[in-house]
Amino acid sequence: MKTSNLYKSAFLAGSVWLLAGAVHATSITISCGAVGAELQLCEEGVAAWRAKTGNHVELVSTPNSSTERLSLYQQLLSAGTQDIDVLQIDVVWPGMLAQHLLDLKPYTNGAENDHFESLVINNTVDDKLVAMPWFTDAGVLYYRKDLLEKYQQPVPQTWEQLTDVAEHIQAEERSAGNNQMWGYVWQGRAYEGLTCDALEWIYSYNGGTIVDQDGNITINNPQAIAALEMAKSWVNNISPPGVLNYAEEEARGVFQSGNAVFMRNWPYAWTLAQSEDSPIRGQVGVVALPKGGEDGRNAGTLGGWQLAVSRYSKNPEVAADLVNFLTSYEEQKRRAIQGSYNPTIAALYEDEEVLAEVPFFGELYETFLNGVPRPSSSTGNNYGRVSNATFNAVHSVLSGGQSAEEAVEDLESQLKRMSRRGW
């Protein structure tokens, strides 16, 4: 691929420059995720910028778990340390970290106007652009086209239909000797990913968004209870018991090895499933997540990551330049083609080269554009506590510790205590 060769050349050029040494080089640090191809793509992008500018960049390792990464960032930033100049931050963190982040507006030359307006608004706190959109996300459903065709089963439109199809194919495959086959894998560990999954279930059943945009607590309702009861019914039925400790990569590992019919994950998993060494290459389809019953709606939790600059950086202008480069049209195009990371620049969803590599970007454009937001805007600095309470409550249902009714009542009580003096 031409783009790949370009970045390999850039990497080599950067290495040559480093060996030669440079008197006026500036050294900065960046934290990148390492889920799927994230780290490799980040390294290649950084190498291209390094070759272009002559500056040095060190990649700082941070936890893959978003919950653990947020905790680390909060610890470092609260201490005013200069360990990380450029931070990769989740879409729900700008409000929580804003006081520690640089206003990027003076450095972007208006580049933010090319990105999805909703993300720019999300990243703007007190009229300061505290982060630039890097890639966006929404939860999607992966399915085995070959298995659905083999057993003459439809692509499921509702969660109930998914359950039936998964049970049928799982039973048939096991009868044929494939004892490792499961119907459905997803993210069941007690962490931020489970909050995302649970929000999709609840919203798809018309059960709201846990806390609404006006700050009202909405979790305790019959639709939310029905959604959680449905998810509980999957565990040790169409989903392995171990799903209660799955994050994104554990779910992908089972699906990509050929041992699951359906998987809930983010778009990044597409390129990996289609890689040359993938056992299921050419056998995977991607659609919007199912509705909660005939009266429900499709719901994919809005995800995605941004790049921000620490207010404590010694070289804010250089760090901001790296952010501008990594979030640019060409760099986002490369990441879309090579890693199926959703661009935040609308024009890329009409780019023929992008659509040739990731066709569902065009088909699911509305899903990505209208992802269901987590209640981070309405709960502000308390969002971390809200999510923690949510995923623990949901996990207690899935593991059999509480009934769905008990869990939503307890969660409602916790959220009321948190918001007693306002969010």
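Keep in mind that this is a model prediction, so the values were computed, not measured.

Considering the packing of aromatic side chains
Summed over all chains, the structure comprises 19 aromatic pairs. Pairing Tyr73 with Trp93 gives two aromatic rings, centres 5.8 Å apart and planes at 85 degrees, and the pair type is edge-to-face. Of this pair, Tyr73 sits in helix H3 (residues 66-78) while Trp93 sits in the loop between strand E3 (86-90) and helix H4 (94-97), and the two are 20 residues apart along the sequence. Accessibility expressed as a relative area gives 0% for Tyr73, which makes it buried. By relative accessible area, which is 3% here, Trp93 ends up buried. On the basis of an interplanar angle of 65 degrees and a centroid distance of 5.8 Å, the ring pair of Trp186 and Trp234 is categorised as edge-to-face. With a gap of 48 residues between them, Trp186 in the loop between strand E8 (182-185) and helix H9 (192-204) and Trp234 in helix H10 (residues 222-234) connect regions that are remote in the sequence.

A word on the nonpolar core
Generally speaking, a soluble globular protein has its nonpolar side chains buried in company with each other. In this structure, Tyr184, Trp201 and Phe262 are the most contacted members of the largest nonpolar core, which totals 134 residues. In terms of residue count, helix H19 (residues 383-398) provides more of this core than any other element does, eight residues in total. Each residue touching Tyr184, except ones within four places of it in the same chain, is listed here: Leu141, Trp159, Leu162, Trp234, Ile238, Ser239, Pro240, Phe262, Met263, Arg264 and Leu289.

A few points about the confidence of the model for the protein
Put simply, the protein has an average pLDDT of 93, and 94% of its residues get 70 or more. Within the model, pLDDT remains below 50 along residues 6-23, and this stretch shows 22 contacts once partners closer than five positions in the same chain are excluded.

Looking at a negative patch on the surface
A cluster of acidic side chains, namely Glu160, Asp164, Glu167, Glu294 and Asp295, defines a negative patch on the protein surface. Here Glu294 is to be found in the loop between strand E10 (284-287) and strand E11 (302-309). Classification of Glu294 by relative accessible area gives exposed; the value is 70%.

As for the state of the cysteines
Scanning the entire structure with this criterion turns up one disulfide. Through a disulfide, Cys32 is tied to Cys42; the S-S separation comes to 1.8 Å. You can see Cys32 sitting in the loop between strand E1 (27-31) and helix H2 (38-53) and its partner Cys42 sitting in helix H2, a full ten residues away along the chain. With respect to burial, Cys32 and Cys42 carry one shared label: buried.

Thoughts on the side chain of Gln170
Its place among the elements puts Gln170 in helix H8 (residues 159-175). Look past the residues within four positions of Gln170 in its chain and what remains in contact with it is Met181, Trp182, Gly183, Asn237 and Ile238.

Thoughts on the sheet that holds E8
Ordered in space as E8-E9-E7-E10, the four strands form an open sheet in which the pairing is mixed. Each edge of the open sheet carries a strand with a single partner, namely E8 and E10. Adjacent strand axes in the sheet meet at a mean angle of 15 degrees when their direction is disregarded. Here strand E7 (residues 140-144) pairs with E10 via four bridges, running antiparallel. Bridge assignment links Tyr143 to a residue of E10, and that residue is Gly285. Sitting on the sheet, helix H11 (residues 248-256) touches E7, E8, strand E9 (260-265) and E10, and the angle it makes with E9 is about 155 degrees.

Regarding the environment of Pro375
Checked against the element boundaries, Pro375 lands in the loop between helix H17 (365-369) and helix H18 (376-379). Distance from Pro375 to Arg264, taken between C-alpha atoms, is 21 Å for residues 111 residues apart in sequence.

Let's talk about the pattern of salt bridges
Throughout the structure, instances matching the rule amount to 14 salt bridges. The closest approach of N and O atoms between Glu250 and Arg189, which form a salt bridge, is 3.2 Å. Here Glu250, found in helix H11, pairs with Arg189, found in the loop between E8 and H9; they are 61 residues apart in sequence, far enough to count as distant. Glu250 sits in the partly exposed class, given a relative accessible area of 33%.

Reading guide: rules and limits
Residues numbered from 1 in each chain as written. Predicted model: local features only at pLDDT ≥ 70, side-chain atom pairs only at ≥ 80, totals over all residues. Heavy atoms only, no water. Phe/Tyr/Trp six-rings, centres within 6.5 Å; stacked < 30°, edge-to-face > 60°. Helix = DSSP H or I, 4+ residues; strand = E, 2+ residues; numbered from the N terminus. Buried < 20%, exposed > 50% of the residue type's maximum accessible area, 1.4 Å probe, protein only. Core = buried A, V, L, I, M, F, W, Y, C linked by side-chain atoms within 4.5 Å. Contact = heavy atoms within 4.5 Å. pLDDT = per-residue confidence, 0-100. Patch = residues over 30% accessible without salt bridge, like charges linked within 9 Å, V, L, I, M, F, W, Y side chains within 5 Å. Areas by Shrake-Rupley, 256 points an atom, 1.4 Å probe, with all protein chains shown as cover. Salt bridge = Lys/Arg side-chain N within 4 Å of Asp/Glu carboxyl O. Lys, Arg positive; Asp, Glu negative; His and termini not counted. Charge placed at Lys NZ, Arg CZ, Asp CG, Glu CD. Disulfide = S-S within 2.5 Å. Pairing = 2+ DSSP bridges. Axes fitted to C-alpha atoms, helices over the stretch in contact; angles between N-to-C directions.

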